[in-house]
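Structure at a glance
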Amino acid sequence: PLTDPAAWPLSAEAAAEDIPERACRRVRRAQCRAAFRRAESDCVGDALSRAVWEARRRGFCVRCQGLVQSYLSLTAKCPLISEWKATLHEALDDMDSGWDGLGRSDITADL
């Protein structure tokens, strides 16, 4: 019988191996979202295929299931990364403005 050598159940580490560079930018593209929806439409037709798609049951292609889970994970996490970056930039800007004048006195003015 044909089998997929990929490990089951899926692990986050195994799924991360297939994540390309700039993955967050890629999953935000309309083409990527449309391709994912087409694949889901083609692959999910009943309760069993839905369970396989969602990796609740092992399917024929575990690697494919890992890619689906990676995509879903990225669409959930990538917006958070943008929020974290914005928060970090705000904090750094606040810190930077706080440094102005810090440590300056008549003694150190000529340094």
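Above this text you will find the structure in question.
What comes next is a walk through the structure. (Residues numbered from 1 in each chain as written. Predicted model: local features only at pLDDT ≥ 70, side-chain atom pairs only at ≥ 80, totals over all residues. Heavy atoms only, no water.)

1. Considering the side chain of Gln65
Examined against the element boundaries, Gln65 turns out to sit in helix H5 (residues 62–99). Under the relative-accessibility criterion, Gln65 is labelled buried at 4%. Within the structure, the side chain of Gln65 is placed 2.8 Å from the backbone oxygen of Arg57, a separation counted as a polar contact. (Helix = DSSP H or I, 4+ residues; strand = E, 2+ residues; numbered from the N terminus. Buried < 20%, exposed > 50% of the residue type's maximum accessible area, 1.4 Å probe, protein only. Polar contact = N/O pair within 3.5 Å; in protein donor to acceptor, adjacent residues only side chain to side chain.)

2. Topic: the nonpolar core
Membership of the largest hydrophobic core is limited to ten residues, which are Ala23, Cys24, Val27, Phe36, Val44, Trp53, Val68, Tyr71, Leu74 and Cys78. Residue assignment for this core shows that the elements contributing at least two residues are helix H2 (23–27) and H5. Here this core gets four residues from one element, more than from any other, and that element is H5. Among residues more than four places away in sequence, those in contact with Val44 are Ser49, Arg50 and Trp53. (Core = buried A, V, L, I, M, F, W, Y, C linked by side-chain atoms within 4.5 Å. Contact = heavy atoms within 4.5 Å.)

3. Focus on the pattern of salt bridges
All chains considered together, the criterion is met by three salt bridges. Between Glu40 and Arg50 there is a salt bridge, and its shortest N-O distance comes to 2.7 Å. In this pair, Glu40 is assigned in helix H3 (residues 30–43) and Arg50 in helix H4 (residues 47–53), connecting sequence segments ten residues apart. Taking relative accessible area as the criterion, Glu40 reaches 22% and is therefore assigned partly exposed. A salt bridge links Glu54 to Arg56; its shortest N-O distance comes to 2.8 Å. Under the relative-accessibility criterion, Glu54 is labelled partly exposed at 34%. With relative accessibility at 55%, the residue Arg56 sits in the exposed group. Taken together, the salt bridges that share partners define one network made up of Glu40, Arg50, Glu54 and Arg56. (Salt bridge = Lys/Arg side-chain N within 4 Å of Asp/Glu carboxyl O.)

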